[in-house]
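Here are the chains, one letter per residue:
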Amino acid sequence: MKRTAIVLAALMLFASAELCAQDAQINTGINKGQDRVRLAAADFKSLSNDAVLPPLLQTFNTTLFSDLDNAGIFDMVSKSFYPLEQPGSPNEMKLDAWNVPPPNTAMVAFGNLNVQGGELVVAGWLFDVKNSSSPLVMGKQYKGEATDASARSIAHKFADEIIQRLGGGIAGIAESQIVFISNRTGNKEVWMMDYDGANQRQITTLGSISLSPRISPDGSRIAFSSYAHGGPHITMYSLELNRFVSFPRFEGTNNSPAWSPDGTKLAFSSSMRGSSEIFISDISGNNPKRVTAFTGGNLSPAFNPKTGAQIAFVSGRTGLPQIYLMDADGTNTERLTDTGYAVSPSWSPNGQYLTFAWRRKYGPGVPGSQDIYVMDAASRKWVQLTFDSGVNDFPCWSPDGRHIVFESIRDGRAQIWTMLADGTQQKALTTAGQNFQPNWSFK
């Protein structure tokens, strides 16, 4: 037995546990070693009797509380513990009612909604109720259309402001997007949704098979692999133009595109010159340069998002697929995993850790599930995040490094799930049809 430790992302807490010869279970945190803030989110108040406000108020309050709860860095106070008189403005705040049991909270978010000139106007505050002399931490005002979508968007913005203020300066993810593949219309098309599974909408209507969608760092394009015109070929869709943009149709099999962190290059796997190798081109597909040259298949490249100087990828050069690391020019190749069947690497935003799918015990008659792991790329120390919960694959980090989205086949159906980066709070984001290969936006 020996002791080991791993830091998960920029916000991971050092923690240690017993490391056995065959398995590692490491208790981790996600709040930089700090105590979790005890936070209350009082229901915002309506400032008028306008008939349009009640449903908008409901949407706003539900979204705000959910966003703060999903952040993973707060102890959210149950609304059943809140004082009967809740504030809608600073002059209504009674600090003594919040900083004692049963709420016993440290911070309170509160505010009001109104409709003025057909616009939704939201005023929100964050108070440190333990600081009676200077409780104001933040005050914000937002305006938007008097629609459900706008109420939800404003709640996301306010939640992200709170998360950044109280979470070590790391931006929240409530406004981020997840792109994925769904077969709910009968074909495997590219879809997108909000980070929490809301607003699921279809992007492509190719009537074929689409795979491995990857959204660009600036959120303007989606690169994916498609069988719509033979192939598979790398295909590019512009979210700004709402149409496809040109990308060469190379010979052979072309899949698993990956953006460089500056958005100027695209890595992908292609058999245009025989065996499947990793190529890098500009984002228009020009001047593809091969950076691997090994038989056995090389695929699933992933640029280090912090430096762009390294690429993690999958190769079968020694037999079963394993995770490898190389410089972006193809030099200094290292093998990271040492056994089993390992696929689908994804970097943490700080460029230090990899999450991937790993079936550590693999072979005929050998029991063992395919689970999500995180590895420190420098030390090779790893932690398992899912345990015997079906077949788990295609993990991808959130832009704040606190969450991971992944595909999981449980009860025979593939769905998109999320969890905190320590493996807790696992929940499904999709239920309709089957859904695959998620990719989180860069911001």
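Structure's up top.
Residues numbered from 1 in each chain as written. Predicted model: local features only at pLDDT ≥ 70, side-chain atom pairs only at ≥ 80, totals over all residues. Heavy atoms only, no water.

*Asks:* Mind showing me how you'd approach the sheet that holds strand 24 (residues 341-347) here?
*Replies:* Consider a sheet: its strands pair through backbone hydrogen bonds, and that pairing is either parallel or antiparallel. Reading across the sheet, the four strands line up as 24-25-26-27 and stay open at both edges, with antiparallel pairing between neighbours. Because the sheet does not close on itself, it has two edges, and the strands there are strand 24 and strand 27 (382-384). Put simply, the sheet's adjacent strands are angled 25° from each other on average, direction ignored. (Pairing = 2+ DSSP bridges. Helix = DSSP H or I, 4+ residues; strand = E, 2+ residues; numbered from the N terminus. Axes fitted to C-alpha atoms, helices over the stretch in contact; angles between N-to-C directions.)

*Asks:* Would you take a moment to explain helix 1 (residues 53-70) for this structure?
*Replies:* A turn of α-helix holds 3.6 residues, and therefore any two residues three or four places apart point the same way. With 18 residues, helix 1 extends 25 Å between its outermost C-alpha atoms, agreeing within 8% with the 26 Å of an ideal straight helix rising 1.5 Å per residue. Every buried residue of helix 1 is accounted for by Leu-53, Leu-56, Leu-57, Thr-59, Phe-60, Asn-61, Thr-63, Leu-64, Phe-65, Asp-67, Leu-68 and Asn-70. Immediately downstream of helix 1, the backbone of Gly-72 shows phi near 80°, a positive value. (Expected span 1.5 Å × (residues − 1). Buried < 20%, exposed > 50% of the residue type's maximum accessible area, 1.4 Å probe, protein only.)

*Asks:* Just to check I follow, could you spell out the pairing of strand 32 (residues 435-440) for this structure?
*Replies:* Side-chain positions along a regular strand alternate between the two faces of the sheet. Of all the six residues making up strand 32, six are buried; the element is thus mostly covered by neighbouring parts of the structure. With four bridges connecting them, strand 9 (residues 177-182) and strand 32 associate as antiparallel partners. Across the sheet, the residue bridging to Val-179 is Asn-439, located in strand 32.

*Asks:* Even after reading the chapter, I still don't get the side chain of His-156, so can you show me in this structure?
*Replies:* By secondary structure assignment, the location of His-156 is in helix 3 (residues 148-166). Excluding residues that lie within four positions of it along the chain, His-156 makes contacts with Thr-63, Asp-67, Ala-174, Glu-175, Asp-194, Tyr-195 and Asp-196. (Contact = heavy atoms within 4.5 Å.)

*Asks:* I'm lost on helix 3 in this one. Help?
*Replies:* When the terminal C-alpha atoms of helix 3 are compared, their 27 Å separation across 19 residues agrees well with the 27 Å that a helix rising 1.5 Å per residue should span. Along helix 3, the residues that are buried comprise Ser-150, Ala-151, Arg-152, Ile-154, Ala-155, His-156, Phe-158, Ala-159, Asp-160, Ile-162, Ile-163 and Leu-166. Immediately beyond the C-terminal end of helix 3, within one or two residues, lies Gly-168, with a positive phi of roughly 75°.

*Asks:* Any chance you could explain the pairing of strand 24 here in plain terms?
*Replies:* Burial analysis of strand 24 places six of its seven residues in the buried class, the great majority of the element. As defined by bridge partners, strand 24 adjoins strand 25 (residues 353-359) across five bridges and the pair is classed as antiparallel. Its bridge partner lying in strand 25, Val-343 is registered against Ala-357. Linkage of strand 24 to strand 25, two consecutive antiparallel strands, is achieved through a turn of five residues, within which Gly-351 is found at a positive phi near 70°.

*Asks:* Sorry, what's going on with the nonpolar core here?
*Replies:* What tends to happen in soluble globular proteins is that the nonpolar side chains get buried as a cluster. In terms of nonpolar packing, the biggest core is built from 44 residues, with Leu-68, Phe-74 and Ile-162 touching the most fellow members. Mapped onto this core, the elements with two or more residues apiece are strand 3 (37-41), helix 1, strand 5 (74-76), helix 2 (95-98), strand 6 (107-116), strand 7 (119-128), strand 8 (136-145) and helix 3. When residues no more than four places from it in sequence are discounted, the contact partners of Leu-68 are Leu-39, Ala-41, Phe-74, Met-76, Ala-159, Ile-162 and Ile-163. Among the nonpolar cores identified, the runner-up in size contains 28 residues, and Val-314, Trp-347, Trp-358 and Ile-372 belong to it. (Core = buried A, V, L, I, M, F, W, Y, C linked by side-chain atoms within 4.5 Å.)

*Asks:* Would you mind going over the pattern of salt bridges with me for this structure?
*Replies:* Opposite charge on two side chains lets them pair, provided their charged atoms get close. Tallying each qualifying case throughout the model produces eleven salt bridges. As a salt-bridge pair, Glu-85 and Lys-94 come within 3.1 Å of each other at their nearest N and O atoms. We classify Glu-85 as exposed; its relative accessible area is 59%. A salt bridge links Lys-157 to Glu-175, with the nearest nitrogen and oxygen atoms 2.9 Å apart. Taken together, the positions of Lys-157 in helix 3 and Glu-175 in the loop between helix 3 and strand 9 put the pair 18 residues apart, joining distant regions of the chain. By relative accessible area, which is 38% here, Glu-175 ends up partly exposed. Where salt bridges share partners, they join Arg-152, Asp-194, Asp-196 and Arg-201 into one cluster. (Salt bridge = Lys/Arg side-chain N within 4 Å of Asp/Glu carboxyl O.)

*Asks:* Help me understand empty space enclosed by the protein, please; the structure alone is not making it clear to me.
*Replies:* The gaps of empty space that remain are located by a probe, the size of a water molecule, rolled over the atoms. In the structure shown here, the tally under the stated rule is two cavities of 30 Å³ or more. Each pocket or cavity is described by its volume, and for the largest cavity that value is around 90 Å³. In terms of lining residues, the largest cavity is bounded by Asn-70, Ile-173, Tyr-195, Asp-196, His-403, Thr-418, Met-419, Leu-420, Gln-425, Lys-427, Leu-429 and Trp-440. No other element matches the three residues that strand 30 (residues 413-420) contributes to the lining of the largest cavity. Broken down by class, the residue content of the lining of the largest cavity amounts to six nonpolar, four polar and two charged. (1 Å grid on protein atoms, 1.4 Å probe; cavity = no way out; pocket = protein on both sides within 12 Å on 5 of 7 lines; lining within 4 Å. Points joined across faces, edges and corners; volume = space filled by probe spheres on them. Nonpolar A, V, L, I, M, F, W, Y, C, P; charged D, E, K, R; others polar.)

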